[in-house]
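Here is how the chains run, residue by residue.
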Amino acid sequence: MGEITTVKRGAEAAFRNRTKFCVGTGRLGLGLQKEYYDQLKMVQEEIGFSYIRGHGIFHDDLAIYHEYEKDGQICVEYNFTYLDRLFDSYLQLHIRPFIELGFMPKKLASGEQTIFYWKGCTTPPKSEERWTGLIQALLRHLMERYGREEVITWPIEVWNEPNLPGFWYRADMEAYCRLYDISARAVKAVDSAFTVGGPAICGVDDVRWLRSFLEFVQKEKSPIDFVTRHAYAVDEPDVAGHYAYQKLRDPEVFLQELQVSREIIDSFPEFRDMPMHITEFNTSYVPNCPLHDTNRNAAYISRLLANMGDTCASYSYWTFGDVFEEMGVPYTPFHGGFGLVANGLIPKPTYWAFSFFSRLCEKGLYRDETMVVTEGKKGYCGVAFDCENRTLVIETDAAEGSRYVLITRSVDEEHCNPLKAWHDLGEPANPSEWERKVIRDSAVPYQQTTVCTVTNGTLTVTIPVGTNGVTGFELIPATLTPDRGYDYERVAGQDQTGVAE
């Protein structure tokens, strides 16, 4: 039967589910591709994120910032054609931008340093006046196009991972703090209702960076409405060919890192309880780690989704899809990309983990290291993960004999494993449409339904969980209301000739 868990009548468990608040994307310019749009549409129909965050709003592929010389003076002009096309498509899919201010337009950059295949500029602005003018022109344009009441709900983050020298020249903390200060003030000068935050650091020297950043903000009285950081859960990579293989850390180590950041924020009286947004998280921090494509990834991420709400206002999975080019264009559909969806519109196991958590109800009843149970108006809903089968006993006030149906949707090594299907087909780099169909058909959770009844004031069900598994389940009333003359037991008991056994 597996481990037995009893949920007592009147039980409550703290559980803050922010699974759907935000999701990440590659650089925003990729949003002009059809496959990108199709993947995001698929994710929104199944999960329905509220916000999306990505790099490169000022990168030259969106062509916003332009300079020209006239009468010996530098003149600036802006072009929002591509940005409008992108943000229009986001709003059509009922998802809003979580704006990251970066990277530097090439003509505004003070140096030559770039990062990634697509060469995002990562040096400070050569003109603070033109940088803040760019920010304000962006926000005023967005307010004019989409309306003030809409746009002021879009959070604004200043830069990305400035504690890494690749993302910010020499990881210069003093220069970043200056950038943050002038950027945040520029945002508030457009409309004080905007929310702005930073420093968007990752896990390198994060304690010193976060504390020093908050000390600067405190001293300078810089505007700040929330704090951001990133979190990943693996050790250093072992690189082989196009791929990086990494070992997972204990999830408690991951969660403790977030707890330390929470405690640092709360140690400042004026910042106590300030929202902390994790604007990037995943297992691996590289886009060529095969772990991302596995059922094991889904089980591990489920553990994080069950717990990150304890310290974080939100946690944004990096990323929704595999249209992504930090290290170049991927060679194969399963290349270890960050996305919930593989190229070819193939949902990965972690996609379904997010789907299951997105369906949970508001009221938490029970939570442990491998299961969350919630209650809503229609019954019970939960997720079990990274464990053996669980037997769940729920004490209820429902009438004795009341009929319920347990619906389980399972993702594990034997069910919903598109990576295995692709491997079995020979790992084609460019699958045919027929091969893609075979893989997509292998990427669907295994669904079962089981009837149970209230007996002695309890509902007892078994939640099946396979190896590296995640199972979403619902337990809802299902009163039998047959049509006149219809007898299911009689139908199910007939052989092929129609003669009752």
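Up top is the structure.
Residues numbered from 1 in each chain as written. Predicted model: local features only at pLDDT ≥ 70, side-chain atom pairs only at ≥ 80, totals over all residues. Heavy atoms only, no water.

Is there a simple way to explain the pairing of strand β21 (residues 379–385) in this structure?
Residues in a regular strand project their side chains so that they alternate between the two faces of the sheet. Extensive coverage of β21 is indicated by the burial of 7 of its 7 residues. Counted along the chain from strand β20 (residues 371–376) to the antiparallel partner β21, the turn is 2 residues long. Relative to strand β26 (residues 470–477), β21 is paired through 6 bridges, and the arrangement is antiparallel. Bridge assignment links Cys 381 to a residue of β26, and that residue is Glu 474. (Buried < 20%, exposed > 50% of the residue type's maximum accessible area, 1.4 Å probe, protein only. Helix = DSSP H or I, 4+ residues; strand = E, 2+ residues; numbered from the N terminus. Pairing = 2+ DSSP bridges.)

When you look at the nonpolar core in this model, what are you seeing that I'm missing?
Buried together is how nonpolar side chains tend to be arranged in soluble globular proteins. In terms of nonpolar packing, the biggest core is built from 121 residues, with Leu 101, Trp 131, Leu 214, Phe 254 and Phe 281 touching the most fellow members. A total of 10 residues in this core trace back to one element, the largest contributor, which is helix α5 (residues 173–190). Setting aside anything within four residues of it in sequence, one finds Leu 101 in contact with Ile 57, Phe 58, Trp 131, Ile 135, Leu 138, Ile 156, Glu 157, Val 158, Trp 159, Ser 183 and Val 187. Residues Met 371, Ala 384, Ile 394 and Cys 452 belong to the second largest nonpolar core, which totals 20 residues. (Core = buried A, V, L, I, M, F, W, Y, C linked by side-chain atoms within 4.5 Å. Contact = heavy atoms within 4.5 Å.)

Got a minute to help me understand unusual backbone geometry in this structure?
The bulk of non-glycine residues show a negative phi, and the bulk of peptide bonds are trans. In this model, Gly 102 is joined to Phe 103 through a cis peptide bond whose omega is -15 degrees. In this model, Asp 71 sits at a positive phi of 55 degrees, which is unusual for a non-glycine residue. Given a relative accessible area of 74%, Asp 71 falls into the exposed group. The phi dihedral of Asn 468 falls on the positive side, at around 50 degrees, and the residue is not glycine.

What's the story with empty space enclosed by the protein in this structure? I'm lost.
Where empty space is left becomes clear once a probe the size of a water molecule has been rolled over the atoms. Taken as a whole, this structure holds 3 cavities of 30 Å³ or more when the rule is applied. Within this model, the largest cavity holds a volume of roughly 60 Å³. Taken together, Phe 356, Arg 359, Cys 381, Gly 382, Ile 407, Arg 409, Gly 472, Phe 473 and Glu 474 make up the lining of the largest cavity. Those elements that place two or more of their residues in the lining of the largest cavity are β21, β23 (403–411) and β26. The element that contributes the greatest number of residues to the lining of the largest cavity is β26, accounting for 3 residues. By volume, the second largest cavity amounts to about 40 Å³. What lines the second largest cavity is Leu 28, Ile 52, Gly 54, Phe 87, Tyr 90, Pro 97, Phe 98, Ile 99 and Glu 100. Class assignment of the residues belonging to the lining of the second largest cavity gives a composition of 7 nonpolar, 1 polar and 1 charged. (1 Å grid on protein atoms, 1.4 Å probe; cavity = no way out; pocket = protein on both sides within 12 Å on 5 of 7 lines; lining within 4 Å. Points joined across faces, edges and corners; volume = space filled by probe spheres on them. Nonpolar A, V, L, I, M, F, W, Y, C, P; charged D, E, K, R; others polar.)

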